[in-house]
Amino acid sequence: MSSIRTRLFAILLLATGAIWLSAMGWIQHSTRTEVGYVLDRRLQESAQMVASLIRRGGGIAGPDAASLVDQAPALPDSGPHDFTRQLVCQVWGFDGQLKSESSGAPRGRLADQAGFTDREVEGETWRVYTHVDPELGIRVMVGDALAMRDRLVHGVVMGLLAPAVLILPLLAALIWLAVRRGLEPLDRLAAALSRRPATDLSPLPETRATSELRPMIEALNGLFHRVEGLRERERSFTAFAAHELKTPLAGLKTQAQIATLAPEGATRDRALAQIAQGVDRTDRMVRQLLDMTAVENPVQADAPAQDGARILADVADDLAGLAQVRGIAVELDTGLTEWRTPHAALLAPALRNLLENAILASPRGSTVEARLAQEGETVRFSVLDRGPGIARTDRPHVTDRFYRGAANPSGGGSGLGLSIVASAVQAMGGELRLNPRAGGGEQAELILPDAPRPAPP
Amino acid sequence: MRLLIVEDDPVLSDGLCVGLGLSGFTADAVGTLGDARAALQDADFAGVVLDIMLPDGSGLELLAELRAAGSRLPILLLTARDQIRDRVQGLDAGADDYLGKPFDLAELAARTRAMLRRHEGRASAVIDWNGLRLDPARMCGTKDGCEIAFSRREFAVLQALIERPGAIIAKPTLEERLYGWQEEVESNTVEVHIHKLRAKLGAGFIQTIRGAGYRLAAPDGRDAQP
């Protein structure tokens, strides 16, 4: 059931109904027992009364003796029921002769035993009490029809049930109102949430919340907090990126104005060359921003697994132009690995940034090595260069966003490259290791699990 | 006028050096705060064009250090962060002016000139001396109703002299005005430019003080010393 209110209402109604029904059953049963008991006593008293009246009348049971039963006191609280008139009486002598009978009594003998008996006479079941008076030599039998009794019990029970039945819809209405009233905090919360603008991520007040809602409000506030953090991160990233792009744009504009203003051809040509260089750098920065976004929000679609060696070769191929311009040789060693990964979208930007960094850092004429090796449970990508390496003081910060080396600024980086690598490696469940290379340079390694693990949350 | 450019982006840094050079300034560029501190210790600059986001910290740090040390060096902040809040922060930290990236080269040159002019205590952009009206923005002047154009180097020498009219300016000081670090100083360059200036302004406009340097001649009939 989708609505808590309906669900609660149904449960309460069913439970209340069940209790109500058993109460009704119990009332009916106890009423029946009670009325039966009272009526039995009544039969007994009537029989004894008839016997005592006969005795007082000289012990002779005349033909009218049985009619004395009509004088028996009415049932207490019997109300409008004409029960008293329904008693029948037979007086039998020990000799087996019917001495007397009341009007309405059946022709057949009502009972053979003393005490209470049920017997069917002339198509009707009678409840009979037989009083035996040995002195007078008579048996006084007083009885009433069971059908009559049932009618009486029915009447009494109905009298009790009718108000209870009328109460039922009232009870339902009360339950409905109570449920509504009880769930009001939930409605208020829902209303408060639906009124919120998308930008409002302030926490909901916890102090006034009911104890049942508090865990949910706390969970919601936690979510708000996380979303706010994420959004703040996005916002600062966008702002930072925009600012970062302004600097190369300023460079381009300045150089363009120089190209316009410069009186000498040499200055103009130099400015134009600077513009070309600036466009390249800006292009790289924009690509890195896109990489960053792609790596931070990986598409979780089931991408087909791709050959790791092939990804590395493609990346190296992409950077061949840059390497050539810079006079760097790139040496690939992918061995015989058959390692495949579904994370090509993460791995490619990571490798490209590592390799690009290595190429940009390397002195002209040197060689950058890129290797792929499978070692037991892990896969290792290594990129080695003969550049100046990362300065010791910069090491703890190189993977921070927009951190450009302070000790050894090449001036060319955006401060995004290694941050992209670190994010991608984390998303792949691997590890980035940056170490000085023996003999000078930097040795960057990506250690990835052979079977890609899900990224830690 | 020799300026120090503190900017880490190589293309922009180069553009600032060349572009301000076209406006008659001599500019030297450094890329980090550390280098900027060293440069300011080593040489005498008329002003600084300072980027805020630098690899080894914020330009505002350097600004605060300089002001704390009592330096009145004119400093123009150059930054991508050009929200009003950032401008206020920069100016309050002691910057003389503030320019957001990307900017117009002509505006940067004009603001730099204005900043230096204010530092020298002049309100007018045009300098008058001895019948010459010198307009630094256009690197030209008028004398006796005739327009005179100067080359960048001639102008730099003339400007150095006219900033402190009548004072003797030593030859090395003039050389420093003419060249940045990267440029070779030729031994007779100052003499060559003085010669050209005399040809344009009249032989008596600039006096040679033997063994000391050069100065502008006093206006007729008055004492040269201010």
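See the structure shown above.
Source: prediction; values computed, not measured.

Parameters at a glance
- Residues numbered from 1 in each chain as written.
- Chains lettered and ligands numbered in written order.
- Predicted model: local features only at pLDDT ≥ 70, side-chain atom pairs only at ≥ 80, totals over all residues.
- Heavy atoms only, no water.
- Contact = heavy atoms within 4.5 Å.
- Buried area = accessible area lost by both parts, 1.4 Å probe.
- Salt bridge = Lys/Arg side-chain N within 4 Å of Asp/Glu carboxyl O.
- Polar contact = N/O pair within 3.5 Å; in protein donor to acceptor, adjacent residues only side chain to side chain.
- Helix = DSSP H or I, 4+ residues; strand = E, 2+ residues; numbered from the N terminus.
- Buried < 20%, exposed > 50% of the residue type's maximum accessible area, 1.4 Å probe, protein only.
- Phe/Tyr/Trp six-rings, centres within 6.5 Å; stacked < 30°, edge-to-face > 60°.
- Lys NZ or Arg CZ within 6 Å of the ring centre and 35° of its normal.

(A) Geometry of the interface of chain B and chain A. Every contact between the two is made by 25 residues of chain B and, on the other side, 28 residues of chain A. Approximately 2300 Å² of surface area, both sides summed, lies buried where chain B meets chain A, with 62% of it carried by carbon and sulfur atoms. It is Val-11, Leu-22 and Pro-55 of chain B in chain B that bury the most area against chain A; as a group they hold 23% of the surface buried on that side. At the surface where chain B touches chain A, the tally comes to two salt bridges. A salt bridge links Arg-281 of chain A to Asp-9 of chain B; the shortest N-O distance between them is 2.3 Å. Run the count over chain B and chain A and you get seven residue pairs in polar contact (both at pLDDT 80 or more). Per-element tally for the side of chain B that touches chain A: the top contributor is helix H1 (residues 10–22) of chain B, with nine residues.

(B) Seen up close, the pattern of salt bridges. All names here are of chain A. Applying the stated criterion across every chain, the model contains 37 salt bridges over all chains. Measuring nitrogen to oxygen at the nearest pair gives 3.9 Å for the salt bridge that ties Arg-188 to Glu-184. In this pair, Arg-188 and Glu-184 are both assigned in helix H3 (residues 184–195), four residues apart and thus about one turn of the helix distant. The class of Arg-188 is exposed, set by a relative accessible area of 54%. Taking the shortest distance from any N to any O, the salt bridge between Glu-431 and Arg-433 comes out at 3.1 Å.

(C) Expanded view of unusual backbone geometry. All names here are of chain B. Here the amide bond leading from Lys-101 into Pro-102 is cis, since omega sits at -10 degrees, within 30 degrees of zero. Even without being glycine, Asn-130 reaches a positive phi, approximately 55 degrees. Tracing the chain through its elements places Asn-130 in the loop between strand S8 (127–129) and strand S9 (132–135).

(D) Looking closely at the environment of Arg-117 of chain B. Residues and elements named next belong to chain B. Relative to the helices and strands, Arg-117 resides in helix H5 (residues 105–120). The exposure class of Arg-117 is buried, given its relative accessible area of 18%. Through-space distance from the C-alpha of Arg-117 to that of Ile-127 is 9.9 Å; in sequence the pair is ten residues apart.

(E) Region of interest: the packing of aromatic side chains. Residue and element names in this part refer to chain A. For the coordinates displayed, the defined rule picks out three aromatic pairs over all chains. Consider the rings of Phe-116 and Tyr-129, whose centres lie 4.8 Å apart with planes at 55 degrees: the pair is tilted. Placement of Phe-116 in strand S3 (residues 115–121) and of Tyr-129 in strand S4 (residues 124–133) is noted, with a sequence separation of 13 residues between them. Measuring from ring centre to ring centre gives 5.9 Å for Trp-339 and Phe-381, while their planes differ by 70 degrees; the resulting arrangement is edge-to-face. Of this pair, Trp-339 sits in the loop between strand S7 (329–333) and strand S8 (340–341) while Phe-381 sits in strand S10 (residues 378–384); the two residues are 42 residues apart in sequence, bridging distant segments of the chain. A relative accessible area of 3% means that Trp-339 is categorised as buried. Residue classification places Phe-381 among the buried residues on the basis of a relative accessible area of 1%. Lying across the ring of Trp-92, Arg-109 places its NZ or CZ 5.0 Å from the centre.

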